[in-house]
Amino acid sequence: MDYTLILFIILAAVAVASAAGLLVSRNTVYAALFLVLNFATVAVFYLLLGAPFIALAQVTIYAGAIMVLFLFVIMLLGADKLPKAKGLPWQRPLAIVLAAVLLVEAGFLLFQRLQLTANLASPEASINTTEALQSLAKTLFSQYLLPFEVTSVLLLVAMIGVIVLTKKEKGEQEA
Amino acid sequence: MGSSGLFSLVPLIVFLPVAGLLINMIFGGRLSEKTIGAIASAATGLAFVIAVLLGVALWTGSGETVVVPFADWIHIGDLNVAWNFRVDTLSVLMMLVVSGVGTLIHIYAIGYMHEDVRFKHDIPRYRRFFVFMNLFIAMMMILVSGDSYLMLFVGWEGVGLCSFLLIGFWYDMDTLGRPSFANSNAAKKAFITNRIGDFGFLIAGFTMFWWFKSLNFGDVFSMATTIPAGVILFITIFLLVGVAGKSAQIPLFVWLPDAMAGPTPVSALIHAATMVTAGVYLVARSAPLYTLAPQAQTTVALVGGITALFAATIAVGQYDIKKVLAYSTISQLGFMVAAVGMGAFVAGMFHLVTHAFFKALLFLSAGSVILGMERGHHHLAHQEGHGSPESADREHRQQELSDSGHLEEVFDPGDMRNMGGLRKQMPVTFWLYLIGALALAGIFPLAGFWSKDEILADAFQKFPAVYWLLTIAAFLTAFYMGRQVWMVFFGKPRHAVAEKAEESPKVITVPLMVLAALAILGGALNLPGIHTLTSWLEHTIAGVEAGEFNFLVAGLSTGLALLAIFLSWLLYERQPLAEGQKDPLKKLLGPVFTVFERKYWVDEFYWAVFVNRYVDIARFLANVIDGRFWHDFVHEKVIAGTYNWLSRTVLDLGVDRHFIDAIANGLGELTKRISTSLRRLQNGFVRSYALAVLLGVVVIVGYLLLK
Amino acid sequence: MTQIIPLSWYLAVSMLLFSMGALGVLIRRNPLIIFMSIELMLNAANLAFVAFARSFGVPTGQIFVFFVMTVSAAEVAVGLALIIIIFRNKHSIDVDLMNSLKG
């Protein structure tokens, strides 16, 4: 029994548990915290998979920036509980059934059809982390330079959009 | 120009009047009254000239029949009718009479209609009158010049049409100028009565064609002996029906007295001198057929004789100056028909000619008298002081219109009871009328004496019964003419108007003088012993013999005529009729006179027996057969009902609504229902949409898995 | 020393997380939690990407994850702005109340 395997199992259990917590928690703040936990476990998965840059980005962007934004909005709007749902009585059972079916389908796909039971190509140890990072950076800034730049434009547009959306119109106060 | 060249002129006798009527019809609106009258008269006069030339050509030539081909008309199977002109002594005689008397009457009409249209307040109708008159002359010429029974029939119908048009010339008023249908009813009566006669003519014509395979005079006459006698009898009897219609014989004479509703020149030309004699001409023309059918001859002679007497008795009881002459015409036509029926064709044609002269003279003189009375009436109305002539005229007319309900208020210029003593006011007309009356009465040596005497002499020889009928009729003729002359021209005026009556202008009196001369001298045509007309006509009518002059017959008839005139003098002149006095003959004869006066109630009889029954049948057909059966039942119920049922119940409800509409509505309803139920999917809940997306994912993945 | 963990295990975890995220989107009415569920689903996808990149030994999967992160950051910014506006207008953030497009 390897410690990596034990680590994987524990991390997988934490990830699923935190996701379940997200699903069931009535309090929005708790939900956000469950998600942060989930993101953190996923970041460890990335480290296990030999992707330290992505793992750090995950922690920085998701667990840091995005979740702070979420919490900020939760605080802004008041993390109140919603009243009990009136309509759509069949929504919940149907959603559960469908999610289950999806899961079954995916599992079937995974283990029966694709036969992806093969081990990962090379162990974490054999990966030269520095080289891998360099290769990633090369690829990103050579082959994917244009998409990278477009991403910056996307972020700019999103920023302007948010400003325009949330900006109060002139005279709206009086009205 | 040779005589054969002259014969080729014959179509002109038809086309000259046609040209005249066309000119007047097309350009007449811009021409003056005198020009219109002159054109019409000239057209007729030129036709007379042509007739004279034809007569000369016949006289100087052999006198045999000449057929001038003119045009092909009908060419079907066996039937081959050409429009050929037949120039022979008989047809030329008729042409001379028609165009000669016609010309004089046209000239007379220039003056007469000038005043008539003014008395009746419709000046534009002047032109129409002359158009009709020229059309009549053309049709009459077609009648007498045709070479076949069919062409004769064309003319026969044509003159019937003209008669209708001219009787109804003042179609919107009665004879006294009041608004009424009386004149047009008279025209219809004449036309319909003639139709009955024409039916007989047609039957005869069809039978003739069936047996002879031809309608040409030449073919028919040459084959006549080879045809069974019964067929000839059948044909001739049915021709007699036609004759009775056109020549106003019993039983179809009733239209002629009513035909006096037409203007007086029409009465003279059409209903005395020419058209009504077409029947006599037809019998004379068909002489070869009639001589083969003695029974038919007897019938014709009897019809003529009885008509002569019958009409003469009615004439005795009439008060209207033109009605007396109308019945006299019927009576004289009876003489002619009787003559040609007995086989005395020459005597009949002779009387036809002389009668045309003196009866035209009498009618036109009567017209002159009526005009004189009208003038007097007019004059009187003016004297009573109604301001200017024209406004008086209008007032007068208005007054007459408003008075139209009161018959006695309207002055009748033709009623002899209003006249009296007119010889002082109208001396020229008086003398002319006297000549005509004496000629008609058969006084020596006027034309009527010779022609009537020839008929009587023939009848005495051949048919004693008819002789006696005609002799009595001749006696009555002299009596009613005497009565008329005494009543109109002698004694004292019985009405203020008669005192003011005025003589007619020269345009009216001069043609009358010519006719008077003819009435005096007409007898010279066929004087006993010379027999000009007989030798003239024997070229055409085979086997005519010169009538023997019978002094006994002549003496008796002259004596009777003088006696009749004396009797009329006794009754009407010795004690002249006073104003409002009853006819002295009425006292003498009592109810018999009433019978004469009321014309034996023949009209009433016809109304009761034929017209009313006909109306009943027409009503039955209209109301029951056409209205209730054909319209209400067949059309409304059967056809419209079935159609409605089909369209409403079957097509509309069954096919359209329950089938086609159902499909269309069903489609619409289906769309509506589907959309209503689908609408619920669009519930606005974001999560439902997300669910649908997931469903799609699941389904697609499942599909990919199972593929 | 090191035990190799099969690719399918990572994929199984990814799959599980993705399904739970989808379930969260469907059953929760709070738009904030719905957004979080979406982020969860994105993360699951990212995990699969990284696992595949590792398995095939190419960096492209990691680059794709990088882009996904950027896009999700933009998405969250705009989405949260929208939620704020909706709250401003409706004074509630219940997505079931936002059904004015109901047909």
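Residues numbered from 1 in each chain as written. Chains lettered and ligands numbered in written order. Predicted model: local features only at pLDDT ≥ 70, side-chain atom pairs only at ≥ 80, totals over all residues. Heavy atoms only, no water.

*Asks:* Give a description of the overall build of chain A that names residues and reports values.
*Replies:* For chain A, the helix and strand inventory stands at 6 helices and 0 strands. Start at the N end of chain A and walk to the C end: the helices and strands fall as α-α-α-α-α-α. Of all 175 residues assigned to chain A, the portion counted as buried reaches 32%. Taking as baseline every contact in chain A between residues at least 6 positions apart, the subset at least 24 positions apart corresponds to 57%. Accessible surface, chain A: about 10400 Å² in total, of which carbon and sulfur atoms supply 71%. (Helix = DSSP H or I, 4+ residues; strand = E, 2+ residues; numbered from the N terminus. Buried < 20%, exposed > 50% of the residue type's maximum accessible area, 1.4 Å probe, protein only. Contact = heavy atoms within 4.5 Å. Areas by Shrake-Rupley, 256 points an atom, 1.4 Å probe, with all protein chains shown as cover.)

*Asks:* Explain the interface of chain B and chain A to me, using residue names and the numbers behind them.
*Replies:* Taken together, the 14 residues of chain B in the interface contact 13 residues of chain A. For the chain B and chain A pair, buried surface summed over both sides reaches about 1200 Å², with 73% attributable to carbon and sulfur atoms. Between chain B and chain A we count 0 salt bridges in total. Between chain B and chain A we count 2 residue pairs in polar contact (both at pLDDT 80 or more) in total. In terms of residue class, the side of chain B that touches chain A is made up of 9 nonpolar, 3 polar and 2 charged. (Buried area = accessible area lost by both parts, 1.4 Å probe. Salt bridge = Lys/Arg side-chain N within 4 Å of Asp/Glu carboxyl O. Polar contact = N/O pair within 3.5 Å; in protein donor to acceptor, adjacent residues only side chain to side chain. Nonpolar A, V, L, I, M, F, W, Y, C, P; charged D, E, K, R; others polar.)

*Asks:* Explain the confidence of the model for chain B to me, using residue names and the numbers behind them.
*Replies:* Residue and element names in this part refer to chain B. Overall, the predicted model of chain B reaches an average pLDDT of 87, with 95% of residues at or above 70. Across residues 386-395, confidence stays below pLDDT 50; counting only partners more than four residues off in sequence or on other chains, it has 9 contacts. Low pLDDT, under 50, characterises residues 398-408; the predicted model gives this stretch 7 contacts beyond four residues in sequence or across chains. Predicted as a complex, the structure gets a pTM of 0.66 and an ipTM equal to 0.88. (pLDDT = per-residue confidence, 0-100.)

*Asks:* Can you explain the interface of chain C and chain A? Please cite residues and give values.
*Replies:* Between chain C and chain A, the residue contacts involve 69 residues of the former and 81 residues of the latter. Of the roughly 7400 Å² buried at the junction of chain C and chain A (both faces included), carbon and sulfur atoms supply 77%. Three residues, C:M36, C:R54 and C:M69, lead the burial of chain C against chain A; their summed loss comes to 11% of the area buried on that side. Seen at the junction of chain C and chain A, the total is 0 salt bridges. Joining chain C to chain A, the criterion identifies 10 residue pairs in polar contact (both at pLDDT 80 or more). For the side of chain C that touches chain A, the secondary-structure elements that each account for two or more residues are α1 (7-27), α2 (31-56) and α3 (60-90) of chain C.

*Asks:* Can you lay out the pattern of salt bridges for me, pointing to particular residues and giving the numbers?
*Replies:* Residues and elements named next belong to chain B. Per the counting criterion, the structure on display carries 18 salt bridges over all chains. Its salt-bridge partner being D88, residue R86 comes within 3.2 Å of it at the nearest N-O pair. By relative accessible area, R86 is classed as buried at 10%. Overall, the relative accessible area of 0% leaves D88 in the buried class.

*Asks:* How would you sum up the pairing of strand β2 (residues 79-87) of chain B? Please name residues and give values.
*Replies:* All names here are of chain B. For β2, the tally of buried residues reaches 7 of 9 residues, placing the bulk of the element in the interior. As paired strands, strand β1 (residues 66-76) and β2 are joined by 9 bridges and run antiparallel to one another. In the sheet register, P69 faces β2, and the bridge partner there is N84. (Pairing = 2+ DSSP bridges.)

*Asks:* Account for helix α23 (residues 506-521) of chain B, naming residues and giving values.
*Replies:* All names here are of chain B. With 16 residues, α23 extends 22 Å from end C-alpha to end C-alpha; this agrees with the ideal 22 Å at 1.5 Å per step. Listing the buried residues of α23 in full gives I508, T509, P511, L512, L515, A516 and A519. What you see down the axis of α23 is that its buried residues fit within an arc of 160°, all on one side. Along α23, exposed side chains directed more than 90 degrees from the buried face belong to K506 and L521. (Expected span 1.5 Å × (residues − 1). Arc of directions from axis to C-beta.)

*Asks:* Lay out a nonpolar patch on the surface with the relevant residues and their values.
*Replies:* Among the surface-exposed residues, B:I617, B:F620, B:L621, B:I625, B:F629, B:W630, B:F633, B:V638 and B:I639 lie close enough to one another that they form a single nonpolar patch of about 830 Å² accessible area. Structurally, the position occupied by B:I625 is in helix α28 (residues 602-679). (Patch = residues over 30% accessible without salt bridge, like charges linked within 9 Å, V, L, I, M, F, W, Y side chains within 5 Å.)

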